[in-house]
Amino acid sequence: MGEVARRGCCPPMDLFRSEPMQLVQLIIPIESAHRTVSYLGDLGLLQFKDLNADKSPFQRTYATQIKRCGEMARRLRFFKEQMLKAGVSPKYSTTPVDVNIDDLEVKLTEIESELVEMNANGEKLQRSYNELVEYKLVLQKAGEFFRSAQSRAIEQQREFESRHLGDDSMETPLLQDQELVGDSSKQVKLGFLAGLVPREKSMVFERILFRATRGNVFLRQATVEDPVTDPVSGEKTEKNVFVIFYAGEKAKAKILKICEAFGANRYPFAEELGKQAQMITEVSGRLLELKTTIDAGLHHRDHLLNTIGAQFEQWDVLVRKEKSIHHTLNMLSLDVTKKCLVAEGWSPIFANKQIQDALQRAALDSNSQVNAIFQVLHTRELPPTFFRTNKFTSSFQGIIDSYGVAKYQEANPTVYTVVTFPFLFAVMFGDWGHGICLLLAALYFIIREKKLSSQKLDDITEMTFGGRYVILLMALFSIYTGFIYNEFFSVPFALFAPSAYDCRDLSCRDATTVGLIKVRDTYPFGVDPVWHGTRSELPFLNSLKMKMSILLGVAQMNLGIVMSYCNAIFFRNRVNVWFQFIPQMIFLNSLFGYLALLIIVKWCTGSQADLYHILIYMFLSPTDELGENQLFVGQKNLQLVLLLLAFISVPWMLLPKPFILKKQHEARHGAESYTPLESTDESLQAESNHESHGHEEFEFSEVFVHQLIHTIEFVLGAVSNTASYLRLWALSLAHSELSSVFYEKVLLMAWGYNNVIILIVGLIVFIFATVGVLLVMETLSAFLHALRLHWVEFQNKFYEGDGYKFHPFSFSLLDDEE
Amino acid sequence: MGFSVTTLVFAVIGIVASLCTRICFNRGPSSNLFHLTLVLTATICCWMMWAIVYLAQMKPLIVPILSEGE
C-alpha cells in the first residue's frame, strides 16, 4: 500500500490534494456589476469574500434591493400558502420566463392586492352567508317553540275556562282572579331573545342565566342536528338554538352581556307567525343569491391561483436569484470614484479561464465600455479546501468531511477510504447472503437514482439514498468477505473444493472426541466448511479473527503513517520526516509490526508458541531465553534490537523537534531584519498579512508541551489503537453468531415440526429477524465501528482536518440552503 | 492451489482490473491514477483477507471436533 501512496505524491492524483486555489480581485464597472455577478453565479466557482464585514446589513449599498426582494419573496410565500389552501399545486415547467425583475415586482404587487381583496370579499360574503344560515335555523326552531307553546297555551286556556265555568262557586279563592289580572298585565312587558349558542357551553349558559336573573327567566333550547359554521370564527361547531323570555330592561341588559360572553349570536325574531314565514322565505332567497355570488368568487379566485401556479416556480427562482445577487453585491466594496465595484474572492486555479469568459460576456451583454479587471492577489491566508467530487466519491468525501474538513492541500484520506471503509465494514459484516440483500437495496436506489433525486424524501431515506454508492461497495465487499468466512445466512457451502478434513479412520469413532484430521490440501478460498457447527469452531474462529484484526489494523495504521510522510514531503517539512515519520514508523513496527510478523511466522510454521507470553516477556525480561516459545533462530537478539529501537524512538520523537523549531524560528527572525525590500506591491500586502504572523511569539514551553502531548498520544495510541482494531473481531463474531442463532433456532426448528403453518410462521420470524436485526441494526453498528476506525485509528496518524470548505456563490446551491 | 498460485491469480485480477479501468474510464492522468489507487487498494485488501484466512488454516493447531449430535 505504501508504494501507491508515495507515487500519489508525485503526479497530481484526483482527490488526493484539494484543488489549488487563488485569491482573485475583480474590478467591475458598476453598470455591468449585476450581470457579472449573475453570470458568476451560473458558473459557481468563485467564493466572494465579504469586504464590508464591518457594516451592518442596513448600511450596505444594496440594502433597499434586498428589502424589495424580501418583500417579493414574502408575496410569493403568501401565494404559495393560498395555493396550498385552495389545493392548487405549482406546476414544474422548464420553459424559462423572460421577465424583468421590476416588471415582476409590479405584477406581484397587483396580484397580491387582487388576491387580498378577493379574499376579503369572499370572507365577508361567507360571513353573511353563515349568519343567514344561522338566522334561518333560529327562525325555524324558534318558530316551532312558539307554535307548540301557543297550541299548549290555547289548550290550557280552554281547560282553565272550562274549569272556571264548572266550579264558579264561593270556594274559588278571590286571589286567583287578581293573580290572573296581574299576570296578564305583566305579560305585556315580557320580552324574548332568540339565537344560537355552542352546544358544549349551553349547560353553563343556562346556569349562569338562571343565577344572574335569580330564576326570573325562561329558557328554551333545541339542538341543531348538523354542525353549523360559526360566522365569527369560521369553524364548524355544534350549536343549540335558544329562546329566552325575560321580564324587564335590567334583565335584558344582563342577558345581552351573558350572550356576548358566551359567543351566542342573537337574531331578531318576530312574534307573529305571518311575519315569520315571510322572513323565512326572504332569508332563503338571499341565501341562494349569496351562494351563487360566493361560487362565482371562488371560481374566479381558483382561476387566478392557477395562473399563479403555472409560473410560480420561475418567479420563485428569479426572486431567489435576485436576492442572492444583491447579497453578493453587498459584499463588494465601492470604489472611491463610485464607478467600480471591487470584489475579492477565492477561486480554483483551473477556473481562471471560465471566470474571465464570464466577465467578458457580462461586459458585452450589458454594453459596458470597460471590461471587468481580473487579477490574482498574493496572500498568506489559508485558502479554502475544495475537492472536485462526483456522485460516487461525494458520499465518501462526506464521511471524511463530517470529521473535519481537510486543511488546504492536505493529503485526503478519501482516496483510501473509498475502499478501506467498505472493506472494514465487510470484515464485520461478512455474509454473502446478507451482502446480496444489501446489494439489492443499493441497486434499487441506484437504478431509481434519477427519479429519487428529484423527489423530496424523508430523512432516513434521504440519508440512505445519499450513501447509495457507499452501500453498494459495502455490499460488494460483504459478499466477498462472506465467501471468505464461508457464510450464506450462516450456512457454509463447499463451493471451491472438498473440505480438507476427514475422519481418522473409516469408523469415524473419534470424530466427536479427538477430532478430524487434515488429509487434503488447505481449503483454497476462505474458511473450511467443516468448521461450521463443530465444537472447536469458536476457538478456531476467535483465534483467526483476532489475529486478522491485528494484521489489518497494523497495515492500516502503517498506511496512515505513510500518509503523514506524503504530507511532510508535500509541505517540504523535513523536520516531520526525520523526527516524526521515521521514529513513529520504527516504534509502531518494532512492537506491533513484530507482533504481526510473529503471527504470520506462527501460522506458517505451525508452532505452538504462545504469542502473549513472547510479547509480555519481551518487555519484562528481554534477556531471558525463550525456550519452547522460540519461533525462529536469533529471535532473542531481534527482540532486543527492536526493544532498543522502540525505546530510542520515544525520545527521538519528543526532544529534537521543539529545539529545531526554535532554531528555525530564531534564524528566520534574525534573517528577516536584513532581507532586502521586495517590490512595493508585494510588500504592502505581505505587511498586512504579516502582522498576524510576524508578531506570533515563539513560546518554547508551549511547543515542547505540545510535542510531549503528541508523543505520549502516539505511544499510548499505538497500543490502544491496535487493541481498538479488535472490534473487527468482536463485531464479526457477533454477526455470525446472531445469524446462526436465527437460522438454527428459528428456521431449522420450525422445519423440524413438519407442519406447514409452523414453517410459515418460522419463516416470517426468520425474515423479520434477519432484516430487522442483521440487515438494519448490524449494518448500522458495523458502519459506525468502521467509521470510528477510520476517523480515529487511521486519521489520527496524519490528518489535521482544520481547514474550511469552499463555498462558491452558485445558483445551483441556492435550493439546498433553504 | 497453493498459496503462491492464488496470490498470482489475485495479482493477475488486480492487473486486469486496473487495465480495464484504464481503458473504460480514461479521463486524464490524474483520474487514472486515482482509479488505479482504488483498484490496487481493493485488490490488496481482498488479497490480505484471503491470505490471512489461508495461512491460518495451513498448519492447523486445532482440528474440527464434531458435535455429539452429528
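Because the structure is a prediction, the values reported are computed rather than measured. (Residues numbered from 1 in each chain as written. Chains lettered and ligands numbered in written order. Predicted model: local features only at pLDDT ≥ 70, side-chain atom pairs only at ≥ 80, totals over all residues. Heavy atoms only, no water.)

A closer look at the overall build of chain B
The following threshold applies: Secondary structure elements are defined from DSSP: runs of H or I of at least 4 residues count as helices, runs of E of at least 2 residues count as strands, and each element is numbered from the N terminus. Every radius of gyration here is taken over C-alpha atoms, with the globule rule written as 2.2 Å times N^0.38, N being the number of residues. For each residue, the accessible area found with a 1.4 Å probe, counting protein chains only, is set against the maximum for its type, and the residue is called buried under 20%, exposed over 50%, and partly exposed in between. Areas reported here follow the Shrake-Rupley algorithm with a probe of radius 1.4 Å; residue values treat only the protein chains shown as occluding.
A count of helical and extended segments in chain B gives two helices and zero strands. Relative to the compact-globule value of 11 Å for 70 residues, chain B shows a C-alpha radius of gyration of 18 Å, a clear excess of over 25%. Considered along the principal axes of its C-alpha atoms, chain B spans approximately 60 × 25 × 15 Å. For chain B, with 70 residues in total, the buried portion stands at 47%. Accessible surface, chain B: about 3,600 Å² in total, of which carbon and sulfur atoms supply 75%.

Notes on the UniProt feature "transmembrane region" (unreviewed entry) in chain B
Formally: UniProt positions are given in the numbering used here, feature names are shortened, and annotations may be inferred rather than shown by experiment.
Per the UniProt entry, the sites bearing "transmembrane region" (unreviewed entry) are residues 36-56 of chain B in this numbering. For the annotated span residues 36-56 of chain B, helix accounts for 100% and strand for 0% of the residues, and the straight-line distance between the end C-alpha atoms is 30 Å.

Let's talk about the domain arrangement of chain A
Residues and elements named next belong to chain A. As a reminder, the rule being used: Those domain boundaries reflect an automatic or database domain assignment. Whether two residues are in contact is decided by their heavy atoms: any pair within 4.5 Å suffices. The term buried area means the drop in 1.4 Å probe accessible area that two parts suffer when joined, counted for both and summed. Salt bridges, as used here, are contacts in which a Lys or Arg side-chain nitrogen is within 4 Å of a carboxyl oxygen on Asp or Glu. Nitrogen and oxygen atoms within 3.5 Å of one another constitute a polar contact, given that in protein one can donate a hydrogen and the other can accept it, and given that sequence-neighbouring residues count only through two side-chain atoms.
In terms of domains, chain A is made up of domain 1 (17-51 + 332-385 + 803-817) and domain 2 (392-486 + 532-797). Computed over C-alpha atoms, the centres of domain 1 and domain 2 are 40 Å apart. Residue-level contacts link 16 residues of domain 1 with 16 residues of domain 2. Buried surface at the junction of domain 1 and domain 2, summed over both partners, amounts to about 1,400 Å²; 51% is from carbon and sulfur atoms. Sorting the residues of domain 1 by area buried against domain 2 places Arg-17, His-378 and Arg-380 first, and these three jointly supply 47% of that buried surface. In this assembly, domain 1 and domain 2 are joined by one salt bridge. Ionic pairing is found between Asp-401 and Lys-805, a salt bridge with its closest N-O pair at 3.4 Å. The interface formed by domain 1 and domain 2 holds eight residue pairs in polar contact (both at pLDDT 80 or more) in total.

Regarding helix α7 (residues 249-261) of chain A
Residue and element names in this part refer to chain A. Note the following rule: One fewer than the residue count of a helix, multiplied by 1.5 Å, yields its expected span. In this description, one arc is meant: the one made by directions from the helix axis to the C-beta atoms.
Taking 1.5 Å of rise per residue, the 13 residues of α7 would be expected to cover 18 Å, and the 19 Å separating its terminal C-alpha atoms lies within 8% of that figure. Within α7, the full set of buried residues consists of Ala-251, Ile-255, Ile-258 and Cys-259. With its buried residues spanning 100° around the axis, α7 presents them on a single face. Residues of α7 that are exposed and angled more than 90 degrees away from the buried face: Glu-249, Lys-250, Lys-257, Glu-260 and Ala-261. Packing partners of the buried residues in α7 comprise β3 (190-198), α6 (199-212), β4 (217-223), β7 (239-247) and β8 (265-267). Just past α7, the residue Gly-263 takes up positive phi, approximately 65°.

Looking at the environment of Ala-251 of chain A
Residues and elements named next belong to chain A. Its place among the elements puts Ala-251 in helix α7. Counting along the chain gives 42 residues from Ala-251 to Leu-209, while the straight-line C-alpha distance between them is 9.5 Å. If we ignore the near neighbours within four places in the chain, the residues touching Ala-251 are Thr-213 and Tyr-246.

Notes on the interface of chain B and chain A
What counts, and what does not: Classification convention: Asp, Glu, Lys, Arg as charged; Ala, Val, Leu, Ile, Met, Phe, Trp, Tyr, Cys, Pro as nonpolar; all other residues, Gly among them, as polar.
Listed per partner, the contact involves 36 residues of chain B and 59 residues of chain A. Carbon and sulfur atoms make up 74% of the area that chain B and chain A hide from each other, which totals about 4,400 Å². Counting every contact that joins chain B to chain A gives 15 residue pairs in polar contact (both at pLDDT 80 or more). The dominant element in the side of chain B that touches chain A, judged by the number of residues it contributes, is helix α2 (residues 29-56) of chain B, at 22 residues. Classifying every residue of the side of chain B that touches chain A gives 27 nonpolar, six polar and three charged.

As for a nonpolar patch on the surface
Residue and element names in this part refer to chain A. Note the following rule: Patch construction takes residues with relative accessible area above 30% that form no salt bridge. Like charges are linked within 9 Å, and nonpolar side chains (Val, Leu, Ile, Met, Phe, Trp, Tyr) are linked within 5 Å.
Where nonpolar side chains cluster on the molecular surface, the patch consists of Val-756, Ile-757, Ile-760, Val-761, Ile-764, Val-765 and Phe-768 and spans about 690 Å² of accessible area. Its location among the elements puts Val-756 in helix α24 (residues 756-794). Judged by its relative accessible area of 58%, Val-756 falls in the exposed class.

Some details on the packing of aromatic side chains
All names here are of chain A. Applied cut-off: Two rings from Phe, Tyr or Trp (for Trp, the six-membered ring) form a pair when their centres are within 6.5 Å of each other. A pair whose planes differ by under 30 degrees is stacked, one over 60 is edge-to-face, and the rest are tilted.
In total, this model carries 40 aromatic pairs over all chains according to the counting rule given. Where Phe-78 meets Phe-79, the ring centres are 6.1 Å apart and the plane angle is 50°; that geometry is what we call tilted. Aromatic pair Phe-659 and Phe-700: ring centres 5.1 Å apart, planes at 45°, arrangement tilted. In this pair, Phe-659 sits in helix α20 (residues 656-672) while Phe-700 sits in helix α22 (residues 700-724), placing the two residues 41 residues apart along the sequence. Judged by relative accessible area, Phe-659 falls into the partly exposed class, the value being 47%.

Brief notes about the pattern of salt bridges
Residues and elements named next belong to chain A. Inspection of every chain in the model, using the stated rule, returns 22 salt bridges over all chains. Its salt-bridge partner being Arg-75, residue Glu-71 comes within 3.6 Å of it at the nearest N-O pair. Of the two residues, Glu-71 and Arg-75 are both situated in helix α3 (residues 63-86); the distance of four residues between them amounts to about one turn of the helix. Its relative accessible area of 9% is what places Arg-75 among the buried residues. Arg-74 is the salt-bridge partner of Glu-112, the closest N and O atoms lying 3.0 Å from each other. One end of the pair, Glu-112, is in helix α4 (residues 101-166); the other, Arg-74, is in helix α3, and 38 residues separate them in sequence. Through salt bridges that share partners, Glu-71, Arg-74, Arg-75 and Glu-112 make up one connected network.

With respect to helix α2 (residues 33-43) of chain A
All names here are of chain A. Within α2, the full set of buried residues consists of Ala-33, Thr-36, Val-37, Ser-38, Tyr-39, Leu-40 and Gly-41. Each element contacted by the buried residues of α2 is listed here: β1 (21-29), β2 (47-48), α8 (273-331), β10 (340-348) and α9 (352-365). In the segment just after α2, Gly-44 is the residue with positive phi, at about 70°.

What about the packing of helix α11 (residues 414-428) of chain A against α2 of chain B?
Formally: Every angle, taken between N-to-C directions, lies between 0 and 180 degrees, and every axis is a line fitted to C-alpha atoms, over only the stretch in contact when it is a helix. Roughly parallel covers angles under 35 degrees, roughly antiparallel covers those over 145, roughly perpendicular covers 65 to 115, and oblique covers all other angles. Put simply, a crossing is left-handed when the front helix is turned counterclockwise from the back one by less than a right angle, and right-handed when it is turned clockwise.
Two elements in contact, α11 of chain A and α2 of chain B, have axes separated by 8 Å at closest approach and are oriented at 25°. Judged by the inter-axis angle, α11 of chain A sits roughly parallel to α2 of chain B. As for how α11 of chain A packs across α2 of chain B, the hand of that crossing is right-handed. Here Val-415, Tyr-416, Val-418, Val-419, Thr-420, Phe-423 and Val-427 of chain A of α11 of chain A come into contact with α2 of chain B, specifically with Phe-34, Thr-37, Leu-38, Thr-41, Ala-42, Cys-45, Cys-46 and Met-49 of chain B.

A word on the sheet that holds β3 of chain A
Residue and element names in this part refer to chain A. The condition that has to hold: Here, any two strands with at least 2 DSSP bridges between them count as paired.
Taking strand neighbours across the sheet as the criterion, the four strands line up as β4-β7-β3-β8 in an open arrangement whose pairing is antiparallel. Among the strands making up the open sheet, the edge pair consists of β4 and β8. Neighbour to neighbour, the strand axes of the sheet diverge by 25° on average, direction disregarded. Summarising the sheet, β4 and β7 pair through seven bridges and their orientation is antiparallel. Bridging from a neighbouring strand, Ala-222 pairs with Val-241 of β7.

Brief notes about the environment of Ser-478 of chain A
Residues and elements named next belong to chain A. Within the secondary structure, Ser-478 sits in helix α15 (residues 468-485). Assessed through its relative accessible area of 0%, Ser-478 is described here as buried. The sequence separation of Ser-478 and Asn-119 amounts to 359 residues, and the corresponding C-alpha distance is 61 Å. The residues contacting Ser-478, other than those within four sequence positions of it, are Phe-425, Ala-426, Phe-429, Gly-430, Asp-431, Trp-432 and Gly-435.

Structural notes on the UniProt feature "transmembrane region" (unreviewed entry) in chain A
Residue and element names in this part refer to chain A. Mapped onto this numbering, the UniProt entry gives "transmembrane region" (unreviewed entry) at residues 423-447, 468-485, 548-570, 638-655 and 756-777. The distance from the first to the last C-alpha atom of residues 423-447 is 23 Å, and the span holds 88% helix and 0% strand. Strand forms 0% of residues 638-655 and helix 94%; the C-alpha atoms that close the span are 26 Å apart.

Things to note about the pairing of β1 of chain A
Residue and element names in this part refer to chain A. Across the nine residues that make up β1, a large majority, eight, are buried. Bridge analysis of β1 against strand β11 (residues 373-377) gives five bridges, and the strand direction is antiparallel. If you follow Val-24 over to β11, its bridge partner there is Val-376.

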